[in-house]
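Listed below, chain by chain, are the residues.
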Amino acid sequence: MTEWFEALDGLHQQVWRCLSLGVTDRDASARQPTLATISPDGWPEARTVVLRRAVSSEALLEVYTDSASDKIASLQRTPRAALHVWDPALDLQFRLQANVTLMKGEPIMDRWSPLPEVARLSYGVTPPPGTPIADARDYQKSPDQSRFCVLSLKLIHIDVVHLGTHHRRASFNATDNWAGQWLVP
Ligand SMILES: Cc1cc2nc3c(=O)[nH]c(=O)nc-3n(C[C@H](O)[C@H](O)[C@H](O)COP(=O)(O)O)c2cc1C
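Anyway, here's the lowdown on the structure attached to this text. Quick caveat, the model's predicted, so the values are computed rather than measured.

1. Brief notes about the site of the ligand
Next up, step 1: Inspection of the region around the ligand gives Q32, R47, T48, V49, V50, Y64, T65, S69, D70 and K71 as its neighbouring residues.
Next up, step 2: V50 is positioned such that a nitrogen or oxygen atom in its backbone is 2.9 Å from an oxygen atom of the ligand.
Next up, step 3: The separation between an oxygen atom of the ligand and a polar side-chain atom of T65 is 2.5 Å.
Next up, step 4: Notes on the ligand: free accessible area 620 Å², of which the protein chains cover 59%.
Next up, step 5: Those elements that place two or more of their residues in the shell around the ligand are β2 (44-48), β4 (60-66) and α2 (70-77).

Printed below as a string of structure tokens:
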């Protein structure tokens, strides 16, 4: 029997299975991917985020953030991001590249409305994230819908590495409808 990692479409489908699970399962490997961007002065920067939406048919992911956080300036300057996930149970690493659109206000009311109060607290800290403060607790959290921002990530590239008995690597591009290409690992 052919294993999922032996075929290009099997690898591609596994990536989307992981991403879908990341949205619904708190313990899934893709629940908290690393999101990398490029700072306005050209430095790579990476941070943990929570994956909120994954739509394989549109190659679309969503992440929520505070519009006052530093990553917004980075994305306004360079609207591109990479996401990284390592799934130890599957021996699978995948790296995603995406064009990013920042969404705010009315179009994302349907994402804000179901958020519990405790989750809303992540959007609206005063002073803004990254501000130097005299004491570690010199800040207040208060939900502010105007600060709620959805990062909409439209994937253009996926790089997958599977560490089985034989290591396998493949890349997938939106431009060839995700057909896939084996690469030297
Ligand atoms: C487990 C975990 C989950 C996180 N989830 C998010 C998230 O979904 N969105 C977000 O903006 N920041 C999230 N953060 C905080 C970021 O890692 C980061 O500290 C913050 O967004 C500021 O990043 P920036 O200065 O690069 O904008 C999370 C941190 C941890 C440790």
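Back to the text.
2. A short note on the environment of V160
Next up, step 1: By the element assignment, V160 lies in strand β9 (residues 148-163).
Next up, step 2: As a C-alpha pair, V160 and F94 span 66 residues in sequence and 4.4 Å in three-dimensional space.
Next up, step 3: Each residue touching V160, except ones within four places of it in the same chain, is listed here: L11, V15, L92, Q93, F94, R168, R169, A170 and F172.

3. So, helix α1 (residues 8-24)
Next up, step 1: If you check α1, its first and last C-alpha atoms are 25 Å apart, about what 17 residues at 1.5 Å a residue would give, namely 24 Å.
Next up, step 2: Turning to α1, its buried residues number three or more, namely L8, G10, L11, H12, Q14, V15, W16, C18, L19 and G22.

4. A few points about unusual backbone geometry
Next up, step 1: Here T126 and P127 are connected by a cis peptide whose omega angle stands at -10°.
Next up, step 2: Secondary-structure assignment places P127 in the loop between β7 (125-126) and β8 (140-141).
Next up, step 3: Unusually for a residue other than glycine, A59 sits at a positive phi of about 50°.
Next up, step 4: Mapped onto the elements, A59 comes out in the loop between β3 (51-55) and β4.
Next up, step 5: One non-glycine residue, N177, lies in positive phi territory at about 55°.
Next up, step 6: Looking at the element boundaries, N177 is found in the loop between β10 (167-173) and β11 (181-183).

5. Observations regarding the pairing of strand β6 (residues 92-104)
Next up, step 1: In the sheet, strand β5 (residues 80-87) pairs with β6 via eight bridges, with the strands oriented antiparallel. Within β6, the residue paired with A82 across the bridge is Q97.
Next up, step 2: With antiparallel pairing between neighbouring strands as the criterion, β5 and β6 make up a hairpin whose turn holds four residues, including D91 at a positive phi of roughly 55°.
Next up, step 3: Of the strand pairs in this sheet, β6 and β9 are connected by 13 bridges, and their pairing is antiparallel. Paired with V100 across the two strands is L153, which belongs to β9.

Calculation criteria
Residues numbered from 1 in each chain as written. Predicted model: local features only at pLDDT ≥ 70, side-chain atom pairs only at ≥ 80, totals over all residues. Heavy atoms only, no water. Near = heavy atom within 4 Å. Polar contact = N/O pair within 3.5 Å; in protein donor to acceptor, adjacent residues only side chain to side chain. Areas by Shrake-Rupley, 256 points an atom, 1.4 Å probe, with all protein chains shown as cover. Helix = DSSP H or I, 4+ residues; strand = E, 2+ residues; numbered from the N terminus. Contact = heavy atoms within 4.5 Å. Expected span 1.5 Å × (residues − 1). Buried < 20%, exposed > 50% of the residue type's maximum accessible area, 1.4 Å probe, protein only. Pairing = 2+ DSSP bridges.

All we've got here are geometric facts, nothing functional implied.
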